[in-house]
Amino acid sequence: MKIINIEYIILIMAGVICILAFAPFNQSLVIIVSLMLLISIINNKPRTIRKFHIFKYGYFYGLPYFITQLYWVFPSLYEVIQAGFFVSIIAWVLFSAFLALYIALTVVIYTKIKLKSDLINLLFLFPSIWVLLEWLRGWLLTGFSWCDLSYTQVNNEFLRGFFPLLGNYGVSWIVLSIAGALYLIFKRFSIQDYKTSTINILVSLVYVILALFIGFKLKDIQYTKPIHKPISVALIQGNIAEGAKWRSEDALPIYANKIAQTSADLIFIPETAIEAAEFLPSGYLNLIENYAKANKANLIIGTIKYISKDFFNYVNAVEVLTDPKKPYYAKYHLVPYGEYIPSFIKPILSKLYQKIDLPMVGFSSGAKNQEPIAVANQKLAFNICYENGFSSELIATARKSTIMVNLSDMVWYGTSIAKDEHLQLSQARALENQRYFIQVTNTGITAIIRPNGTIQSILPVFQQLVLKDNVQGMHGSTPYEIYGNYLIITLCMIIVGIIVLIYYINKLFKKIVD
């Protein structure tokens, strides 16, 4: 019993320290240590162990893994939305508890079908099962891809080169397999476990060295090339409180003054910074449009756009206000329970939402794979808010674009690390598509990211400022833009499928022999 308790404590600690691998801490090696601790506990468990017992091992790792990284759910609900203390706590814990099921299920499947070869198990099987479940988490029930292992490596020069080749799930797979290989090496030399063969150790060592060497070389490969001249951009960070955002006496003069004082090829203001035109003071849109045109700038705004006259059909939009045709992007991947209420639970939640007075939870979704918008001799691929976390949904439009742009309002998350994690997602998208990635936010983090994932320029958070810089349009396609997740997910399915087949063949053979 004492051994089991110690193992639980190790798993909890291993899950907790994962937060240090993600933004803003960015200690990428911590995730390797954490995974090695997890492997050290589960790898020697027999296949005959009861499913519930091995499920608990995975859950004791998964729950602290998510509950620490997503702690910002609580202050977002309690302090900003004012949903109430207990409602906020329950929502945070239940959300983390649900996500932890994916890791627990990974551990159960791995333990039940693993082979006798630790080398195959840890370098191929465990990474493949984990990535398949991580991928499932990214789209099941609308999906939530924050906290994917790959994001810990966006600043790692030895592994970030794999992003444009294999995408974020491919990087997750490599991280897991490196952790497995290092565990085998560590196990042999730290506790003198001579059951681990010398061949396995040599293969593991060579694999780690090759993975790091190839990754380091890949970071310098350019799949995309510059097109046209660099353009100047201005990103207006309004720093407007959520309650004041649509009050004409507060936010609107701030944006109007900033636009009037700003000169650039492109001027951006954040997600839903401007209320729907139907509710604005008369002439306001014409005013800021004329200010931008006077400075020979193209003005791009985050706004609410009604697409029917009955006021029941509206979208979260990015509009090029200075273009006579008023082209716009409408957000495709809406936030469940925040921007819309799923129909199956709407009768239950409607009363709660009325009680906490949560506005605008009836958005319509934009079309999938909307075309880039041409402006200033560039093609802009837009995404809004947490859409930057859904890599496969962005690549079709990104491939046709020259620059990627995200508009967000992070005021909902206060001073928490959500804003840092959000920027980390954008860095991964810049890497995968090898394009400049412009991120415009209300309170931060407003930044410009180079095609190699590094930060070119950035604004301090919670300050009313304008970020001015130049960006270069890029064209061409990365391998990830061409193949998407199909390559890595198919590989994972083949690996798991072969090992499941071997498992059942062995089971059948044992039955015949017995």
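This text goes with the structure placed above it.
Scope of this entry: the structure provided in the associated data block.

Things to note about the overall build of the chain
No. 1: Each helix and strand counted, the chain has 15 helices and 14 strands in total.
No. 2: Expected size for 514 residues packed as a compact globule is a radius of gyration near 24 Å; at 25 Å, the chain falls within 12% of this value.
No. 3: Considering only C-alpha atoms, the chain reaches an extent of 85 × 55 × 40 Å along its principal axes.
No. 4: Each of the 514 residues in the chain was classed as buried or not, and the buried ones make up 56%.
No. 5: Long-range pairs, those at least 24 residues apart, make up 71% of the contacts in the chain with a sequence separation of at least 6.
No. 6: In the form shown here, the chain has an accessible surface area of approximately 22,500 Å², with 65% of it arising from carbon and sulfur atoms.

What to know about the sheet that holds strand 9 (residues 403-408)
No. 1: Pairing is mixed across the open sheet formed by six strands, whose spatial order is 7-8-9-10-11-12. Since the sheet does not close on itself, it has two edges, and those belong to strand 7 (373-375) and strand 12 (455-458), each with one partner. Pairs of neighbouring strands in the sheet enclose a mean axial angle of 25°, with direction left out of account.
No. 2: With three bridges connecting them, strand 10 (residues 436-441) and strand 11 (residues 447-449) associate as antiparallel partners. Looking across to strand 11, one finds that Gln439 is bridged to Ala447.
No. 3: Along the sheet, helix 12 (residues 391-400) contacts strand 8 (378-384) and strand 9; its crossing angle with strand 8, the most-contacted strand, is approximately 165°.
No. 4: Packed on one face of the sheet, helix 13 (residues 418-433) meets strand 9, strand 10, strand 11 and strand 12 and runs near 155° to strand 10.

Some words on the environment of Ala211
No. 1: By the secondary structure assignment, Ala211 is in helix 8 (residues 198-218).
No. 2: Of the residues examined, Ala211 reaches a relative accessible area of 8% and is grouped as buried.
No. 3: Those residues in contact with Ala211, other than ones at most four positions away along the chain, are Phe158, Phe162 and Ile178.

Thoughts on the sheet that holds strand 3 (residues 266-268)
No. 1: The strand order across the open sheet built from six strands is 6-5-4-3-2-13, with neighbouring strands paired in mixed fashion. The sheet terminates laterally at strand 6 (328-330) and strand 13 (465-471), the two strands that pair on one side only. Put simply, the sheet's adjacent strands are angled 25° from each other on average, direction ignored.
No. 2: As paired elements, strand 3 and strand 4 (residues 298-306) share three bridges and run parallel to each other. Looking at strand 4, one finds that Phe268 is bridged to Ile300.
No. 3: Of the strands in this sheet, strand 2 (231-237), strand 3, strand 4 and strand 13 touch helix 9 (residues 251-260), which is tilted by about 155° from strand 2.

Some words on empty space enclosed by the protein
Left-over empty space is what a probe sized like a water molecule reveals as it rolls over the atoms.
No. 1: Applying the stated rule across the entire model yields three cavities of 30 Å³ or more.
No. 2: Estimated volume of the largest cavity: approximately 130 Å³.
No. 3: Lining the largest cavity are 14 residues; nearest its centre among them are Tyr329, Phe382, Glu393, Leu394 and Thr397.
No. 4: Among the secondary structure elements, those contributing two or more residues to the lining of the largest cavity are strand 8 and helix 12.
No. 5: Looking at the lining of the largest cavity residue by residue, the classes come out as seven nonpolar, four polar and three charged.
No. 6: The volume enclosed by the second largest cavity comes to roughly 60 Å³.
No. 7: Lining the second largest cavity we find Tyr65, Phe66, Tyr102, Ile103, Thr106, Trp130, Leu133, Glu134, Arg137 and Cys147.
No. 8: Tallied by class, the residues present in the lining of the second largest cavity amount to seven nonpolar, one polar and two charged.

Structural notes on the pattern of salt bridges
No. 1: According to the stated counting rule, one finds 12 salt bridges in the structure shown.
No. 2: Salt-bridge contacts for Glu7 lead to Lys45; the nearest nitrogen and oxygen are separated by 3.0 Å. Highlighted residues: Glu7 in helix 1 (residues 2-16) and Lys45 in the loop between helix 2 (29-42) and helix 3 (51-69), separated in sequence by 38 residues. Judged on exposure class, the residue Glu7 and its partner Lys45 are both buried.
No. 3: Among the ionic pairs, Glu481 bridges to Arg435, the shortest N-O distance being 3.1 Å. With Glu481 in helix 14 (residues 479-483) and Arg435 in the loop between helix 13 and strand 10, this pair connects stretches of sequence that are 46 residues apart.

Considerations on the layout of surface pockets
No. 1: Roughly 620 Å³ of volume is contained in the second largest pocket.
No. 2: Looking at the second largest pocket, it is lined by 30 residues, and the ones nearest its centre are Trp135, Ser392, Glu393, Asn485 and Tyr486.
No. 3: Elements represented by at least two residues in the lining of the second largest pocket include exactly helix 7 (163-190), helix 12, helix 14 and helix 15 (486-513).
No. 4: With six residues, helix 12 is the largest single contributor of residues to the lining of the second largest pocket.
No. 5: Looking at the lining of the second largest pocket residue by residue, the classes come out as 13 nonpolar, 12 polar and five charged.

Conventions and cut-offs
- Residues numbered from 1 in each chain as written.
- Predicted model: local features only at pLDDT ≥ 70, side-chain atom pairs only at ≥ 80, totals over all residues.
- Heavy atoms only, no water.
- Helix = DSSP H or I, 4+ residues; strand = E, 2+ residues; numbered from the N terminus.
- Rg over C-alpha atoms; globule rule 2.2 N^0.38 Å.
- Buried < 20%, exposed > 50% of the residue type's maximum accessible area, 1.4 Å probe, protein only.
- Contact = heavy atoms within 4.5 Å.
- Areas by Shrake-Rupley, 256 points an atom, 1.4 Å probe, with all protein chains shown as cover.
- Pairing = 2+ DSSP bridges.
- Axes fitted to C-alpha atoms, helices over the stretch in contact; angles between N-to-C directions.
- 1 Å grid on protein atoms, 1.4 Å probe; cavity = no way out; pocket = protein on both sides within 12 Å on 5 of 7 lines; lining within 4 Å.
- Points joined across faces, edges and corners; volume = space filled by probe spheres on them.
- Nonpolar A, V, L, I, M, F, W, Y, C, P; charged D, E, K, R; others polar.
- Salt bridge = Lys/Arg side-chain N within 4 Å of Asp/Glu carboxyl O.

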